[in-house]
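Residue-level structural notes
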Amino acid sequence: MRHIIAILMENESGALSRVAGLFSARGYNIESLTVAPTEDPSLSRMTLVTSGNDEIIEQIKKQLNKLIDVVRLLDLSDGPHIEREMMLVKAKAEKGERDEVKRLAEIFRANIIDVTDTSYVIEITGSSDKLDAFIQAVHQEQILEVVRSGPCGIARGPKGLGV
């Protein structure tokens with residue numbers, strides 16, 4: 001099962017390397033990883049997506065909590081949460097294709113953020129399923145390049161990752 005784990009950690013060099021090393025040493029896979037500073041410059045928030053059964057996820061959480069840099073962690077998949085992913089798609093948009101690509105962008109509430117004579121760069125934000133659906137809707141021969149951020153998430157309601 002897929003899990004999104006939010007980690008509040010000290011913003012120090014080597015912290016990301018220690019998390020990656022933990023996964024590598026145990027043969028676990030990181031499907032997605034995003035890191036950014038928080039409102040407190042001494043802390044960073046890491047959002048990590050991984051898969052495994054309940055036993056493996058519990059082991060991952062225990063091992064992460066043992067890392068000296070980790071202040072707190074929360075498995076967002078344990079409760080109601082909101083997740084979003086951002087994707088940039090460079091698509092061929094030559095004379096006969098421009099209207100169709102523009103129409104698809106509108107249907108998916110995406111933004112065309114760059115236009116050239118032969119291509120569009122489209123920005124789309126939403127659930128992973130929405131982004132996958134957009135990729136399926138665009139003709140494969142039109143796609144020149146795809147860049148995805150990976151999910152980032154936050155718990156709903158009063159539960160949170162604050163210190």
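None of the values given here were measured: they were computed from a predicted structure.

Criteria and cut-off values
Residues numbered from 1 in each chain as written. Predicted model: local features only at pLDDT ≥ 70, side-chain atom pairs only at ≥ 80, totals over all residues. Heavy atoms only, no water. Axes fitted to C-alpha atoms, helices over the stretch in contact; angles between N-to-C directions. Helix = DSSP H or I, 4+ residues; strand = E, 2+ residues; numbered from the N terminus. Parallel < 35°, antiparallel > 145°, perpendicular 65-115°, else oblique. Left-handed = near helix turned anticlockwise from the far one by under 90°. Contact = heavy atoms within 4.5 Å. Nonpolar A, V, L, I, M, F, W, Y, C, P; charged D, E, K, R; others polar. Buried < 20%, exposed > 50% of the residue type's maximum accessible area, 1.4 Å probe, protein only. Polar contact = N/O pair within 3.5 Å; in protein donor to acceptor, adjacent residues only side chain to side chain. Phe/Tyr/Trp six-rings, centres within 6.5 Å; stacked < 30°, edge-to-face > 60°. Core = buried A, V, L, I, M, F, W, Y, C linked by side-chain atoms within 4.5 Å. Pairing = 2+ DSSP bridges.

**Re the packing of helix 1 (residues 15-26) against helix 2 (residues 54-66)**
Each packed pair of helices is defined by two parameters, the angle between the axes and the distance between the axes. Running from N to C, helix 1 and helix 2 point in directions that differ by 140°, and their axes come no closer than 10 Å. Taken together, helix 1 and helix 2 sit at an angle that is classed as oblique. For the pair helix 1 and helix 2, the sense of crossing is right-handed. Residues V19, L22, F23 and R26 of helix 1 form the contact with helix 2, whose participating residues are I60, Q63 and L64. Considering only residue class, the contact of helix 1 with helix 2 consists of five nonpolar, one polar and one charged.

**Some words on the environment of I5**
One can find I5 in strand 1 (residues 2-10). Judged by relative accessible area, I5 falls into the buried class, the value being 0%. For the pair I5 and T47, spaced 42 residues apart in sequence, the C-alpha to C-alpha distance is 5.8 Å. Once residues within four sequence positions are removed from consideration, I5 is found in contact with M46, T47, L48, T50, I60, K61, L64, L73, L74 and D75.

**Remarks on the side chain of H3**
Along the polypeptide, H3 turns up in strand 1. Only 2.7 Å separates the side chain of H3 from the side chain of D75, close enough to count as a polar contact. Residue contacts for H3: discarding those within four places in its chain leaves L48, V49, T50, G52, I57, D75 and S77.

**A word on the packing of aromatic side chains**
Tallying each qualifying case throughout the model produces two aromatic pairs. Centroid distance F23 to Y28: 6.3 Å. Interplanar angle 80°. Geometry classified as edge-to-face. When its relative accessible area of 1% is taken as the criterion, F23 is described as buried. In this structure Y28 comes out as partly exposed when scored by relative accessible area, which is 22%. Ring centres of F108 and F134 lie 5.2 Å apart, and the angle between their planes is 85°; this geometry places the pair in the edge-to-face category. Here F134 lies in helix 4 (residues 128-137) and F108 lies in the loop between helix 3 (98-107) and strand 6 (111-115), a separation of 26 residues in the sequence.

**Thoughts on the nonpolar core**
Grouped together as the largest cluster of nonpolar side chains are 17 residues, with contacts concentrated most on M87, I122, I124 and F134. Where this core is concerned, the elements lending two or more residues are strand 5 (81-92), helix 3, strand 7 (119-126) and helix 4. Judged by nonpolar contacts, the second largest core, of 15 residues, contains V19, L22, L64 and L73.

**Observations concerning the sheet that holds strand 3 (residues 43-51)**
Spatially, four strands are ordered 2-3-1-4 in an open sheet, and the strand pairing comes out antiparallel. The open sheet has two edge strands, strand 2 (32-37) and strand 4 (70-75), and neither has a second partner. Strand-to-strand twist across the sheet, computed as the mean angle between neighbouring axes with direction ignored, equals 15°. Across the face of the sheet, helix 2 comes into contact with strand 1, strand 3 and strand 4 while running at roughly 160° to strand 4.

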